[in-house]
Amino acid sequence: MYDQVNSVEDDFELSTVCHRPESMDKLEEQTKFTKKELQVLYRGFKNECPSGVVNEENFKNIYSQFFPQGDSSMYAHFLFEAFDTNKNGSVSFEDFVFGLSIILRGTINDRLNWAFNLYDLNKDGCITKEEMLDIMKSIYDMMGKYTYPTMMDDAPREHVESFFQKMDQNRDGVVTIDEFIDSCKKDENIMQSMQLFDNVI
């Protein structure tokens, strides 16, 4: 009886928002989350985004709460772009859950493809040094000066050079998806860090 009441309340909650997500059953089929996990994620999403969608400004505000010591706005912009897969300027619960499902539960290839898409800012199929530098600067900004107080201003550029030494296998100045995936799979540290997400939820 209690479950029925809870279920009715859940259905009512779903119907009161402006954007109603697909049924939890359908999302459960399309993602690697259980129905219970989806309900928890939805409650959290709805709490932050009562309209059922989040625009980039709200996304940045929410994301900044996780990095109060730095400026996360540029990295949040890049993340927003990666989650906004249909490029309509907003992220729905479905967009959010599909991305999260890949990041947390996807295969290594799925996760690496998602990361590559995040870094390939202009979506032309390769990562340039300029794109990687923008990403690195945004990460250093997000972490804040207090995290890396002695960090030199050229640290992001040095990080990019190191990245390209490792990833740009044919030395043509860009990193393709194949080079990225191949290099990441050969890097023990990257593979270990990808496994950190395995049991997050």
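What counts and how
One numbering rule holds for all chains: residues counted from 1, following each sequence as written. Local features in this predicted model are restricted to residues of pLDDT 70 or higher, and side-chain atom pairs are both shown and tallied only at a pLDDT of 80 or more, whereas totals for entire chains, interfaces and linings draw on every residue. Hydrogen atoms and water are omitted, and side-chain values are computed over all heavy atoms in the structure. Secondary structure is summarised from DSSP: a helix means a run of H or I of at least four residues, a strand means a run of E of at least two, and numbering begins at the N terminus for each. Summary of the burial criterion: residues with accessible area below 20% of their type's maximum are buried, those above 50% are exposed, and those between are partly exposed, where the area comes from a 1.4 Å probe applied to protein chains only. When checking whether two residues touch, look at their non-hydrogen atoms; a contact exists if any pair is within 4.5 Å. In these tables, accessible area is a Shrake-Rupley quantity obtained with a 1.4 Å probe, and a residue counts as shielded only by the protein chains included in the view. Note on ring pairs: Phe, Tyr and Trp rings are taken, using the six-membered ring of Trp, and paired if centres are within 6.5 Å. Classes follow the plane angle, with under 30 degrees stacked, over 60 edge-to-face and the rest tilted. Our definition puts a charge over a ring when NZ of Lys or CZ of Arg is within 6 Å of the ring centre and also within 35 degrees of the ring normal. Salt bridges, as used here, are contacts in which a Lys or Arg side-chain nitrogen is within 4 Å of a carboxyl oxygen on Asp or Glu. Take the residue count of a helix, subtract one, and multiply by 1.5 Å to get its expected span. In protein, a polar contact means a hydrogen-donor-capable atom and an acceptor-capable atom, both N or O and within 3.5 Å, with residues adjacent in sequence counting only if both atoms are side-chain atoms; elsewhere, any N or O pair within 3.5 Å suffices. UniProt positions are given in the numbering used here, feature names are shortened, and annotations may be inferred rather than shown by experiment. Here, the term nonpolar core denotes a set of buried Ala, Val, Leu, Ile, Met, Phe, Trp, Tyr and Cys residues that are joined through side-chain atoms within 4.5 Å. As annotated, the domain borders come from an automatic or database domain assignment.

The subject of this paragraph is the overall build of the protein chain. The number of helices and strands found in the protein chain is 11 helices and four strands. Counting all 201 residues of the protein chain, 40% fall into the buried class. By sequence separation, contacts in the protein chain at least 24 residues apart represent 59% of the contacts at least 6 residues apart. Here the protein chain has roughly 11800 Å² of accessible surface; of this, 53% comes from carbon and sulfur atoms.

A few words now on the packing of aromatic side chains. All told, the structure shown has 15 aromatic pairs when counted by the stated rule. Aromatic pair Phe59 and Phe83: ring centres 6.2 Å apart, planes at 55°, arrangement tilted. Residue Phe59 is located in helix α4 (residues 56-64), and its partner Phe83 is located in helix α5 (residues 73-83); the two are separated by 24 residues in the primary sequence. We classify Phe83 as buried; its relative accessible area is 5%. Pairing Phe83 with Phe96 gives two aromatic rings, centres 5.8 Å apart and planes at 35°, and the pair type is tilted. Placement of the pair is Phe83 in helix α5 and Phe96 in helix α6 (residues 93-105), with a sequence separation of 13 residues. Among the aromatic side chains, those forming a connected cluster through ring pairs are Tyr42, Phe45, Phe59, Tyr63, Phe66, Phe67, Tyr75, Phe80, Phe83, Phe93, Phe96 and Trp114. Cation over ring: Lys129 sits above Phe164, and NZ or CZ is 5.6 Å from the ring centre.

Another point: the pattern of salt bridges. Opposite charge on two side chains makes pairing possible when the charged atoms of those side chains draw close. Tallied over the entire structure, the rule returns six salt bridges. Close ionic contact of Arg105 with Glu37 constitutes a salt bridge, the shortest N to O distance being 2.9 Å. Of the two residues, Arg105 sits in helix α6 while Glu37 sits in helix α3 (residues 35-48), which places them 68 residues apart along the sequence. With a shortest N-O distance of 3.5 Å, Glu56 and Lys60 are connected by a salt bridge.

When the terminal C-alpha atoms of α6 are compared, their 17 Å separation across 13 residues agrees well with the 18 Å that a helix rising 1.5 Å per residue should span. Along α6, the residues that are buried comprise Phe93, Glu94, Asp95, Val97, Gly99, Leu100, Ser101, Ile103 and Leu104. Where α6 is buried, its residues touch α2 (24-30), α3, α5, β2 (90-92) and α7 (108-119).

Glancing now at the environment of His77. With respect to the secondary-structure elements, His77 resides in helix α5. Sequence separation between His77 and Glu56 is 21 residues, and the spatial gap between their C-alpha atoms is 6.9 Å. Setting aside residues no more than four positions away along its own chain, His77 makes contact with Glu56 and Lys60. There is a polar contact of 2.5 Å between the side chain of His77 and the side chain of Glu56.

Let us look at the side chain of Ser90. Inspection of the secondary structure puts Ser90 in strand β2. Judged by its relative accessible area of 17%, Ser90 falls in the buried class. Ignoring anything within four residues of it in the chain, the contact list for Ser90 reads Val53, Val54, Asn55, Phe80, Asp84 and Asp95.

In the UniProt entry, the feature "domain: EF-hand" (unreviewed entry) is given for residues 71-106, 107-142 and 155-190. Taken end to end, residues 71-106 has its terminal C-alpha atoms 29 Å apart, with 67% of it in helix and 8% in strand.

A separate point is the nonpolar core. In a soluble, globular protein the nonpolar side chains are often hidden away together inside. Met132 and Phe180 are the most contacted members of the largest nonpolar core, which totals 48 residues. Looking at which element gives the most residues to this core, the answer is α5, with seven residues. When residues are assigned to domains, this core turns out to be shared by domain 1 (25-106) and domain 2 (108-200), each giving three or more. Other than its neighbours up to four places away in sequence, Phe180 contacts Leu112, Ala115, Phe116, Tyr119, Ile127, Phe163, Met167 and Val175.

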